[in-house]
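Results of the structural survey
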Amino acid sequence: MLEVGCWRHILENMDILKIAQFAEGISIAAGKILLREFRSKGILISYKSRTNLVTNIDKESEIFIFNCIKKEYPDHSIIAEEGSRREIEGEFIWYIDPMDATNNYAHGIHHFCISIGIFSTEMKKTVVGIVYDPFHDELFKGIINSGAFLNGTRITISEVNDIGISIIATGFPYNKVDRERNNLIEFNRVLPFVQGIRRMGSAALDLSYVACGRFDGYWEPGLFSWDMAAGSLIVEEAGGKVSKYDGSPFDPEYPEILATNGKIHNRLMGLLKS
Ligand code: IPD
Ligand code: CA
Ligand code: CA
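Below, the structure is looked at part by part. (Residues numbered from 1 in each chain as written. Chains lettered and ligands numbered in written order. Predicted model: local features only at pLDDT ≥ 70, side-chain atom pairs only at ≥ 80, totals over all residues. Heavy atoms only, no water.)

Remarks on the overall build of the protein
For clarity, the threshold we go by: Helix and strand definitions here come from DSSP, where helices need a minimum of 4 consecutive H or I residues and strands a minimum of 2 consecutive E residues; each element is numbered from the N-terminal end. To get the radius of gyration, use the C-alpha atoms; to get the globule rule, take the number of residues to the power 0.38 and multiply by 2.2 Å. Each residue's exposure class comes from its accessible area (1.4 Å probe, protein chains only) as a fraction of the maximum for that residue type: buried when under 20%, exposed when over 50%, partly exposed otherwise. Only the protein chains shown count as covering a residue, and every accessible area follows the Shrake-Rupley method with a 1.4 Å probe. Under this rule, positive means Lys or Arg and negative means Asp or Glu; His and the chain ends count for nothing. Charge positions come from single atoms, namely NZ of Lys, CZ of Arg, CG of Asp or CD of Glu.
Secondary structure summary: the protein contains 7 helices and 15 strands in total. Relative to a compact globule of 274 residues, whose C-alpha radius of gyration would be 19 Å, the protein shows 18 Å and is just as compact. If you line up the protein on its principal axes, its C-alpha atoms span 55 × 55 × 30 Å. Counting over 274 residues, the protein shows a buried share of 54%. Only carbon and sulfur atoms are counted for the fraction: they give 54% of the accessible area of the protein, which is about 12,900 Å². The averaged location of the 36 negative side-chain charges in the protein is 4 Å from the averaged location of its 29 positive side-chain charges.

Side note on the coordination of the calcium ion (ligand 2)
To keep things clear, this is the line we draw: Water is not part of the atom set, so a site may look incomplete; the donors themselves are N, O and S atoms within 2.8 Å of the metal, or 3.2 Å for Na, K and Ca.
Donor atoms from the polypeptide that coordinate the calcium ion (ligand 2) comprise D97 (OD), D100 (OD) and D227 (OD), at 2.1 to 2.3 Å from the metal. Between consecutive donor residues of the calcium ion (ligand 2), the sequence gaps follow D-x2-D-x126-D. The distance between the calcium ion (ligand 2) and the calcium ion (ligand 3) comes to 3.8 Å, with D97 serving as a donor to both metals. Placement of the pair is D97 in strand β5 (residues 92-100) and D227 in helix α6 (residues 225-237), with a sequence separation of 130 residues.

Observations regarding the side chain of S158
Rules: A 3.5 Å cut-off defines polar contacts: any pair of N or O atoms within that distance qualifies, except that in protein one atom must be a possible hydrogen donor and the other a possible acceptor, and neighbouring residues in sequence count only when both atoms are side-chain atoms. Residues are treated as being in contact if the distance between any of their heavy atoms lies within 4.5 Å.
Relative to the helices and strands, S158 is located in the loop between β10 (153-154) and β11 (167-170). Note on S158: relative accessible area 9%, which makes it buried. Side chain to side chain, S158 and N261 meet in a polar contact 3.0 Å long. Beyond its immediate chain neighbours, meaning those up to four positions away, S158 contacts G213, F215, D216, N261 and K263.

Written as structure tokens, this is what we have:
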């Protein structure tokens, strides 16, 4: 006979799997919204600042996702990039980026996604991460203690342990005027020691690419919880390591991330602060 604690654990896992399945479904549906207008005249651009743009499609995607969650899980909190908020006393917080890489999308570049991370305040961890790239129909998923998957097939991080032959991704914050924080200092420190650096324009996909071994590592400052929550779990569940720049534990509310296959983590950490 199973003990009470054990049953509780099984039931919690079933809840998490159900939430993950639901999050997967709404990401795919939101992906259809993004694809419907991609490279069309139906995209209307407005500016949050000179370099930070947003489109009507970001907002449509966010409203769709927000309403679906509110209906299915009225007792869950939601924090979404374009301003939708729902603060409820309870275990789960959904961090939503309704379109990551809006700049790519607005310029017709086919690299963008939807990112949904579900954080448990009891476990103090993201428990489900979904990153969906609708153009390539690639769905990355991480479920706590259960692994990471790309379109249902298990993924793992790369085997590269020599930073000299590594491909590393990074990104630059919208506020590039502040030289101390615009990432150029760190970029110059890392560049000479790696095989290549990529700036693809989507933090959530950068993390997912680390998880499936396309990239060996990734760092970026100035990010938000909706950029990082989902992808950070996917990396960890694929066997990788995620932390702040100094190696201390990752926190989705703290605006920086260093994620690697684990094997080059210390070396990249050393370069960032050298
Ligand atoms: C941006 C992307 C980009 C990163 C920026 C983010 P958005 O998100 O993730 O790769 O460099 O810092 O803000 O604004 O396109 O959702
Ligand atoms: Ca984003
Ligand atoms: Ca966004």
